[in-house]
Structure formats: structure tokens, C-alpha cells
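Each chain is listed here by its residues.
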Amino acid sequence: MATIAISARPEQTHSPFPLAARAARKAARQWFAGIPTQSLAVWRDTCRQDHCHGLPNFDARGTAFNDAFAREIGNLIIGGGRAGV
């Protein structure tokens, strides 16, 4: 049986905050699906604040969140709503 290599997402291999990236991807998919009624930027900022509140390295963690959120929104737009889960 052949083994299929599964490539890691960039934030899984380079980011010190993989949980922030995961939360960002989830938030992006929720916004794209029409769950929130807020603008994209307000939704991103609210989700980032909720995720990062009280955690160390707030600024770096927030940057990792924003980067992953932007990548996921791009993937959703390019992929027609079929971004990686």
C-alpha cells in the first residue's frame, strides 16, 4: 500500500502559535459561511481578541492569528469555499 505524504500548513511548521492559526482558520470559515453579521475586519478583530485574551505574547500571537486568517480567507476565495480544514 502506498504512503501519501501530507504537507503541513506553513503555520504548523514555522509559527510558534499553531493554536492561534487554527482558531483563525475556523473564524475565517465561519465568516465566509455567513455566520456572523459583522464586517470581515470587525469579526477578525473580535475573534483575535477572544482567542488571545489573557495569553502571553499577545502581540506576536495576534500577528500569527491575523496572518492565518488572511491566508484562509484567500484560500476560501480562490478555492470557491473549499479551504483546507
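On a predicted model such as this, the values are computed, not experimentally measured, just so you know.

Novice: Give me the lowdown on the nonpolar core, citing residues and values where you can.
Specialist: Judged by nonpolar contacts, the single largest core of 14 residues is most densely connected at A27, F65 and F69. Looking at this core element by element, the count peaks at 6 residues for helix α4 (residues 58-78). If we skip the residues at most four places from it in the chain, A27 touches W43, C47, F65 and F69.

Novice: Pulling in residues and values, what's your account of the environment of F32?
Specialist: Positionally, F32 belongs in helix α2 (residues 18-32). Each C-alpha atom, one on F32 and one on I73, is 7.5 Å from the other, the two residues being 41 residues apart in sequence.

Novice: Can you break down helix α3 (residues 40-52) residue by residue, with the values?
Specialist: Between the first and last C-alpha of α3 there are 18 Å, a value that for 13 residues agrees with the 18 Å anticipated at 1.5 Å per step. All buried positions along α3 are accounted for by W43, C47, R48 and C52. Seen along its axis, α3 keeps its buried residues to an arc of 145°; they face one direction. On the buried face of α3, the contacting elements are α2 and α4. Immediately downstream of α3, the backbone of G54 shows phi near 80°, a positive value.

Novice: Give me the lowdown on the packing of aromatic side chains, citing residues and values where you can.
Specialist: Scanning the model with the defined rule gives 1 aromatic pair in all. A ring pair is formed by F65 and F69, whose centres lie 6.3 Å apart and whose planes are at 15°; its orientation type is stacked. Separated by 4 residues within a single helix, F65 and F69 lie in helix α4, roughly one turn from each other. Under the relative-accessibility criterion, F65 is labelled buried at 1%. When its relative accessible area of 3% is taken as the criterion, F69 is described as buried.

Rules used in this analysis
Residues numbered from 1 in each chain as written. Predicted model: local features only at pLDDT ≥ 70, side-chain atom pairs only at ≥ 80, totals over all residues. Heavy atoms only, no water. Core = buried A, V, L, I, M, F, W, Y, C linked by side-chain atoms within 4.5 Å. Buried < 20%, exposed > 50% of the residue type's maximum accessible area, 1.4 Å probe, protein only. Helix = DSSP H or I, 4+ residues; strand = E, 2+ residues; numbered from the N terminus. Contact = heavy atoms within 4.5 Å. Expected span 1.5 Å × (residues − 1). Arc of directions from axis to C-beta. Phe/Tyr/Trp six-rings, centres within 6.5 Å; stacked < 30°, edge-to-face > 60°.

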